[in-house]
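What the coordinates show
These are the residues of each chain, in order.
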Amino acid sequence: NAGVTQTPKFQVLKTGQSMTLQCAQDMNHEYMSWYRQDPGMGLRLIHYSVGAGITDQGEVPNGYNVSRSTTEDFPLRLLSAAPSQTSVYFCASSRSRDRLEAFFGQGTRLTVV
Amino acid sequence: EDQVTQSPEALRLQEGESSSLNCSYTVSGLRGLFWYRQDPGKGPEFLFTLYSAGEEKEKERLKATLTKKESFLHITAPKPEDSATYLCAVHASGGSYIPTFGRGTSLIVHP
């Protein structure tokens, strides 16, 4: 099993550009989520999904969209990039509601200039 | 509002010098407390889940314990390869899936 795979690993965007961060898992986990990690702060949840076709907002959802058309894939879209979105982004999956331990991807380091 | 506070922020140990990391939490009802290890430039790696006060989990040199207000990650006779940032997170009971993470403890073990 590859686990959770994120692409790209690094990205530089100009302010106002849009892009999609890809995330895929091959563990048949129900839950998938996106976090951002900033210096001096804990991981913060952006959006999450409890199953295909179901998404919900996390702690910091503004400026981001998600969709979950399949169990395996959970892309994160930045609609109009802003410097405040410069961060490291992690995708994670969890088996189920009763098994919430998260398995994380390797991260995407995004810089918005 | 759920809160997680980890201490110390940073810890330097000599190889073989045992110590403990603390995770204090405030949550309306605890569904689970999670420990992760994060190496530089990598995603967090799951270590333990604790569900109720009095529970303990062990893995190699690590042992996690839980009370109603805090969790400890005990590191016995650490080695340089144990150097990493250790993260604590809580999930509250109820319908929300949103976890609360602490800021982490950066551990450096010197040979």
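Above this text sits the structure in question.
Residues numbered from 1 in each chain as written. Chains lettered and ligands numbered in written order. Predicted model: local features only at pLDDT ≥ 70, side-chain atom pairs only at ≥ 80, totals over all residues. Heavy atoms only, no water.

**A look at the overall build of chain B**
The helix and strand inventory of chain B stands at zero helices and 11 strands. Going residue by residue from the N terminus, the α and β elements of chain B occur as β-β-β-β-β-β-β-β-β-β-β. Taken against the 2.2 N^0.38 rule, which gives 13 Å for 111 residues, the C-alpha radius of gyration of chain B at 14 Å falls within 12% of a compact globule. Across its three principal axes, chain B shows a C-alpha extent of roughly 45 × 30 × 20 Å. Within the span of chain B, comprising 111 residues, buried residues form 46% of the whole. Put simply, of all contacts in chain B between residues at least 6 apart along the chain, 56% involve residues at least 24 apart. Of the roughly 5,400 Å² that chain B leaves accessible, carbon and sulfur atoms contribute 47%. (Helix = DSSP H or I, 4+ residues; strand = E, 2+ residues; numbered from the N terminus. Rg over C-alpha atoms; globule rule 2.2 N^0.38 Å. Buried < 20%, exposed > 50% of the residue type's maximum accessible area, 1.4 Å probe, protein only. Contact = heavy atoms within 4.5 Å. Areas by Shrake-Rupley, 256 points an atom, 1.4 Å probe, with all protein chains shown as cover.)

**Some remarks on the pairing of strand 3 (residues 19-26) of chain B**
All names here are of chain B. Bridging between strand 1 (residues 3-7) and strand 3 involves five bridges; their strand directions are antiparallel. Across the sheet, residue Ser7 finds its bridge partner in strand 3, namely Asn22. Sheet topology note: the strand 3/strand 8 (residues 70-75) ladder contains six bridges and is antiparallel. Bridge pairing in strand 8 links Ser20 to His74. (Pairing = 2+ DSSP bridges.)

**Focus: the sheet that holds strand 3 (residues 19-25) of chain A**
In a beta sheet, neighbouring strands are held together by backbone hydrogen bonds and run either parallel or antiparallel to one another. All names here are of chain A. Reading across the sheet, the four strands line up as 1-3-8-7 and stay open at both edges, with antiparallel pairing between neighbours. Looking at which strands have only one partner, the edges of the open sheet turn out to be strand 1 (4-7) and strand 7 (64-66). Looking at each pair of strands side by side, their axes are set apart by 20 degrees on average, direction ignored. Sheet analysis places strand 1 next to strand 3, joined by four bridges and oriented antiparallel. Directly across from Thr5, in strand 3, lies its bridge partner Ala24. (Axes fitted to C-alpha atoms, helices over the stretch in contact; angles between N-to-C directions.)

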